[in-house]
Amino acid sequence: MKSDNSPDSSPVSPSGMQVMLRYICPRCGQGCFIPAPLRETELHCRCGQIFTAAPVDEYSMAFMEILLDDGRAAVKQEYL
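Summarised in this report is the structure supplied together with it.

Rules behind the numbers
Residues numbered from 1 in each chain as written. Predicted model: local features only at pLDDT ≥ 70, side-chain atom pairs only at ≥ 80, totals over all residues. Heavy atoms only, no water. Helix = DSSP H or I, 4+ residues; strand = E, 2+ residues; numbered from the N terminus. Rg over C-alpha atoms; globule rule 2.2 N^0.38 Å. Buried < 20%, exposed > 50% of the residue type's maximum accessible area, 1.4 Å probe, protein only. Lys, Arg positive; Asp, Glu negative; His and termini not counted. Charge placed at Lys NZ, Arg CZ, Asp CG, Glu CD. Pairing = 2+ DSSP bridges.

Description of the overall build of the protein chain
Then, number 1: The helix and strand tally for the protein chain stands at one helix and four strands.
Then, number 2: Starting at the N terminus, the α and β elements of the protein chain follow one another as β-β-β-β-α.
Then, number 3: Whereas a compact globule of 80 residues would reach a radius of gyration of roughly 12 Å, the protein chain reaches 18 Å, over 25% beyond that.
Then, number 4: Counting only C-alpha atoms, the protein chain reaches 55 × 30 × 20 Å along its principal axes.
Then, number 5: Looking at the 80 residues of the protein chain, the share that counts as buried comes to 19%.
Then, number 6: Considering the protein chain, the positive charge centre built from 7 side chains and the negative charge centre built from 10 side chains are found 10 Å apart.

What follows is the structure, encoded as structure tokens:
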């Protein structure tokens, strides 16, 4: 009998995707990773600096999602 916590024998393919972007803190130079913002977003760095991240073009993000079929096209061929 299979336990609820035991892993399935086959890997699961992605059902969607989220693009993460890195914004460099102007004070300390550390990278802050966030999901691609569609509008100006305030970022709080670990050094205490607060700065604004420039938004990305929503059509570019939609194009990437279509191109990669919501992440499914990025899966290694041996797992399909």
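Points about the pairing of strand S2 (residues 31–35)
The two faces of the sheet receive side chains in turn, since in a regular strand these alternate between them.
Then, number 1: Residues Cys 32 and Ile 34 line the buried face of S2, whereas the alternating positions Gly 31, Phe 33 and Pro 35 sit on a face that is not buried.
Then, number 2: With five bridges connecting them, strand S1 (residues 20–24) and S2 associate as antiparallel partners. In the strand pairing of S2, Leu 21 is matched with Ile 34.
Then, number 3: Between the antiparallel neighbours S1 and S2 lie six residues, among them Gly 29 with a positive phi of about 85°.

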